[in-house]
Amino acid sequence: MRKFAAALAAAAAVTLYSFAAGAQTYPERTITVVVPFSAGGPTDTVTRLVAEAMSKDLGQQIIVENVGGAGGTLGAGRVANAEPDGYTLLLHHIGMATSATLYRKLAYDTLNGFEYVGLVTEVPMTIVGRKDLEPTDLKGLVDYAKANKDTVTVANAGIGAASHLCGMLFMSAIGTPLVTVPYKGTGPAMTDLLGGQVDIMCDQSTNTTKQIQGGTIKVYAVTSPERLDVLPDVPTTTEAGLPDVQVGIWHGLYAPKGTPAEVTERLSKSLQVALKDPNVVARFAELGTKPSPDTDATPAALKAKLEGEIARWKPIIEAAGQYAD
Amino acid sequence: MELLDNLALGFSTATSLANLGFCLIGVLLGTLIGVLPGIGATATIAMLLPITFQIGDPVSSLIMLAGIYYGAQYGGSTTAILINMPGESSSAVTAIDGYQMAKNGRAGAALAIAAIGSFFAGTVSTFLVAIFAPPLTAIALQFGAAEYFSLMIVGLVSSVALAHGSIVKALAMVVLGLLLGIVGTDIYTGTPRFTLGIREYADGLNFVAVAVGVFGVAEILRNLENEHERSVMIRRVSGLMPTREDFRRMAAPIVRGTIIGSALGILPGGGAILAAFASYTVEKRVSKNPGEFGKGAVEGVAGPESANNAGAQTSFIPMLTLGIPANPVMALMIGAMIIQGIVPGPNVAIEQPALFWGIIASMWIGNLMLIILNLPLIGLWVKLLTIPYYVLFPIIMAFCSIGVYSVNTNIYDLYAVAFFGFLGYLLTKLRCEPAPLLLGFVLGPLLEENLRRAMILARGDPTTFVTRPISAGLLFIAFAVLVIVFLPAVKKKREEVFVEEN
Amino acid sequence: MKPFTIDTTNGICAALFIFLGGFFALQSLGLEIGTAFRMGPGYFPLVLAIVLILLGAVILVEAVRFESEPIGHVAWRGMLFILPAPIFFGLTVRGLGFLPSIFLTALIASFASGRMRPLTALVLSACLTLFAFLVFSYALGLPFRRFGPWLQF
């Protein structure tokens, strides 16, 4: 028994030592960033761009691992249970906050299961409609939707998707439930919008900008506080009279609970450097988004954002009564 | 003459030394990884995608990615033919007769037929993409939920032709496949269905895991049955190249397969999948010897392989003209484009003509490289069959474990391989064919999704399926197929075939 | 009178389809069914499950009336070693790491054949592991850990 205790103590000492040493020399090997969605999606794109820039600053390779499934909760759960050594990180979007309500039992604790690194970016959303939809502005759209609430269809990319959240917010803001048509992913939803099979959708500017510019769909408003550089003529929801519909797909970088503070600080610094990388700035601009400023790319800012967003979405999701499990 | 100018621009882009090099590397890597047993197109592309991110020039990286795509598809067909291990839904059809040809010692011919069919289909559909991309897109957009549902019905009705045994068993396999395809979260309500409480199955069972299980693992077990009594893998390879008779027999199926594949490939979501199945059905119907199908019919390889490749090619149309992915591979392509700073959409052809036409031209070049590369390699692949089986199957099991795991890094997919290996083996022992099950598996979620969506969009009015002209036309085709199948004369002929079989 | 016989192959086949149909039907009943116009998550699978049971019944009738091919040999040894191989890989790929896991997976699968000698199996598995390392881990840089936490101190 004593031998065992001694061994345990020795093991603990070694662990402590390696932790301390690890914090000073971090990072000394390849870092893995888990994206809880499949390769090629918007979150994957954001991650790969940022990871490449961070890897330059940290002097270590960063591998992006796609662990898709169950609305991002599988990947988040994987990271929550990973070694808290700073070599496994999670880049997740707004779904981190909404799945806390959408899923009534999660394999991890959203608020207490992670350490925070910082906010990465906030991708704005656009309210769009099929090309030949009658109304020409957001006010007209709201009146039209209220007058035809049994026939106006709202597409979304599945429960928990950005478009689903924004659609719920839109309906709750105008106080009228419309006919919801779910799809498996943004692609098929956009196809049906282009083909005029459904009426409206609210989706990330990443997915809609090119179609809007090409004139194949109609745009009513952007859901960000300011107009977008890529769509300068499109009014914000505040300008167009629906200030409640403000939503952005914010992305945050997390580490497993127990990761040493020095490590998350180091990562946060690196994130701030990466977000000023000219390539990242340029690519983000093409997607209609901006990197978070230094003040937001911090652990405190991400924690505050997550807490605020969980509280904000909880009543909206509960009112809609739709859960993902 | 704008078209010629555009094509000239495309070819001058695609034939720059660097781009030719990237195209070659892509085709080569795609073939080499795709040909590993148990690793099909999706897994190959998921593995190789990050490499293309490191190429600075977007045109080059997309050309390489497209090369990987064709290479992986061809590689997937190769394993389907040699060891009955399809890596994706379309090569599941190739496996039916291709593997039988290989068993009869005609693996070389089967591979050559697949390569030649693919090349012809690739050539034709490249030009179709160049000429008809915009108008074809307009047709694809006419397809709403009702049309998709009717199209799936045509696919299901035709699936009876996939069977070469009892029709009832084939139908039961389709229905079982449909049910297995529905496993996962219901997109309309978010309710998890048949997942046994395992969240890892919330997005459904992985196609690769099911295909590897019911085809590949089941086949390994079958080969292990009679080890002591006889050597299972005696395969006298007779001639690597197709005979003159083969060429005569494959010409028409290749043309028909190309037409079917090109037409169905443009439909986003499931179109390309149906192409190979549809082509097989057509070939079996028009054949004078339908009894040969399932026993190594040349037509059963030539048609579906051409359809498969033509569909793969035309599935670029919605992506290039609308920015919409027709299948998971195209979704990966779009991701690659975005990372390279190109957001796909209706304006790509106008804003980036060199990129747009360069990719189209490289499709044809990629196909050309593929056939030049693969015809000589056929001898090598066939040699693989001379490896003793007891050495081959541990290799197969190892690679298919890696392949299945690498798609989603989901370990539950590996458990699914074991379960479906067992189920597949059991069903084979009970004389049930796996191909209809796989078709049902692919169509299940699409069928239900579109049925329910059509009903929502039509406010619960079921006449929507017959009042929309395209949908009505498709249902008419389905009805016609049913009549042909059950028409007394035809039925009698079918039964005669079975007598021959027994 | 003809004695009542049932064909083994088709009898088991029918039982399997009816069992699977029953499983899906029971599970569907636990879901919201809805109506034909507003289908719930259980509607479509319930219909399919009933069809599957009916098809199973048709096969059962055939089994009583006709005789078909016998089942033949069953690869017991194959099943014993082949089926656990991917499960083992799944259980250990994260803990042991990619390379030891793939080595043992190949080794387990090797014993499915009576012809495989232990030494050949070891050499084969080692070669496979080396190949997997060179191609997947080194050249393609797949994000798998080569040696997992179970093997580290």
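With an unreviewed UniProt entry as reference, chain C is termed DUF1468 domain-containing protein, source organism Mesorhizobium temperatum.

By the naming in an unreviewed UniProt entry, chain B is DUF112 domain-containing protein, taken from Mesorhizobium temperatum.

Moving on: the overall build of chain C. Within chain C, the regular secondary structure consists of six helices and zero strands. Helices (α) and strands (β) of chain C occur, in sequence order from the N terminus, as α-α-α-α-α-α. Along the first, second and third principal axes, the C-alpha set of chain C runs to 65 × 50 × 25 Å. Relative to its 153 residues, chain C shows a buried fraction of 44%.

What follows deals with the overall build of chain B. Check the secondary structure of chain B and you find 22 helices and two strands. Relative to its full complement of 502 residues, chain B shows a buried share of 68%. A separation of at least 24 residues holds for 79% of the contacts in chain B among residues at least 6 apart in sequence. Taken as a whole, chain B presents about 15700 Å² of accessible surface, with 68% of it coming from carbon and sulfur.

Okay, the interface of chain B and chain C next. Listed by partner, the interface residues are 72 residues for chain B and 67 residues for chain C. Between chain B and chain C, roughly 6000 Å² of surface is buried when both sides are summed, and carbon and sulfur atoms account for 80% of that area. Viewed at the interface, chain C and chain B are joined by zero salt bridges. The interface formed by chain B and chain C contains six residue pairs in polar contact (both at pLDDT 80 or more). When contributions to the side of chain B that touches chain C are tallied by element, the ones reaching two or more residues are α3 (41-53), α8 (167-182), β2 (192-193), α9 (207-224), α17 (389-408), α18 (411-429) and α19 (434-457) of chain B. Partitioning the side of chain B that touches chain C into residue classes produces 51 nonpolar, 10 polar and 11 charged.

With that out of the way, let us pick up the environment of Met201(A). Residues and elements named next belong to chain A. The residue Met-201 is located in strand β7 (residues 200-204) in this model. In sequence terms Met-201 and Ala-189 are 12 residues apart; their C-alpha atoms lie 8.4 Å from each other. Non-local contacts of Met-201, meaning those with residues more than four positions away in its chain, are made with Thr-126, Ile-127, Val-128, Ala-155, Ala-189, Met-190 and Leu-193.

Across chain C, pLDDT averages 87, with 97% of residues at or above 70. For this predicted complex, the interface score ipTM comes out at 0.92, while the overall pTM is 0.81.

All names here are of chain A. Spanning 13 residues, helix α6 (residues 162-174) covers 18 Å between terminal C-alpha atoms, matching the ideal 18 Å at 1.5 Å per step. Summarising burial for α6: 11 of the 13 residues are buried, a large majority. Backbone geometry just after α6 places Gly-175 at a positive phi near 70°.

A word on the confidence of the model for chain B. Per-residue confidence for chain B gives a mean pLDDT of 81, with 86% of residues at or over 70. A low-confidence stretch, residues 230-234 of chain B (pLDDT under 50), is modelled with five contacts involving residues beyond four sequence positions or located in other chains.

For the rest of this paragraph, the subject is the pairing of β7(A). All names here are of chain A. Across the five residues that make up β7, a large majority, five, are buried. Both strand β4 (residues 114-130) and β7 contribute to a ladder of five bridges, which runs antiparallel. Paired with Ile-127 across the strands is Cys-202, a residue of β7. Of the strand pairs in this sheet, strand β5 (residues 153-156) and β7 are connected by two bridges, and their pairing is parallel. Looking at the pairing, Ala-155 lines up with Met-201 of β7.

Procedures and definitions
- The residue numbering used here restarts from 1 in each chain and proceeds along that chain's sequence as written.
- All chains are assigned letters beginning with A, and all ligands numbers beginning with 1, in the order in which they are written.
- Totals for whole chains, interfaces and linings use every residue, but because this is a predicted model, local features are given only for residues with pLDDT of at least 70 and side-chain atom pairs only at 80 or more, for both listing and counting.
- To obtain the side-chain values, all non-hydrogen atoms of the structure were used and water was disregarded.
- Comment: elements are numbered from the N terminus, with helices defined as DSSP H or I runs of at least four residues and strands as E runs of at least two.
- Each residue is placed in one exposure class: buried if its accessible area under a 1.4 Å probe, protein chains only, is under 20% of its type's maximum, exposed if it is over 50%, and partly exposed if it falls in between.
- Between two residues, a contact is recorded if the distance between any of their heavy atoms is within 4.5 Å.
- Under the convention used here, a 1.4 Å probe and the Shrake-Rupley method define accessible areas, while residue burial counts only the protein chains that appear.
- Here the quantity called buried area is the accessible surface, traced with a 1.4 Å probe, that two parts lose on coming together, added over both.
- Salt bridges are defined as contacts in which a side-chain nitrogen from Lys or Arg sits within 4 Å of a carboxyl oxygen from Asp or Glu.
- Throughout this description, a polar contact denotes any pair of N or O atoms lying within 3.5 Å of each other; where both atoms belong to protein, one of them has to be capable of donating a hydrogen while the other can accept it, and for residues adjacent in sequence the pair is counted only when both atoms sit in side chains.
- The classification used treats Ala, Val, Leu, Ile, Met, Phe, Trp, Tyr, Cys and Pro as nonpolar, Asp, Glu, Lys and Arg as charged, and all other residues, Gly among them, as polar.
- Every residue carries a pLDDT, the predictor's confidence in it, which falls somewhere between 0 and 100.
- What a helix is expected to span follows from its residue count: subtract one and scale by 1.5 Å.
- A pair of strands is treated as paired once DSSP finds two or more bridges between them.

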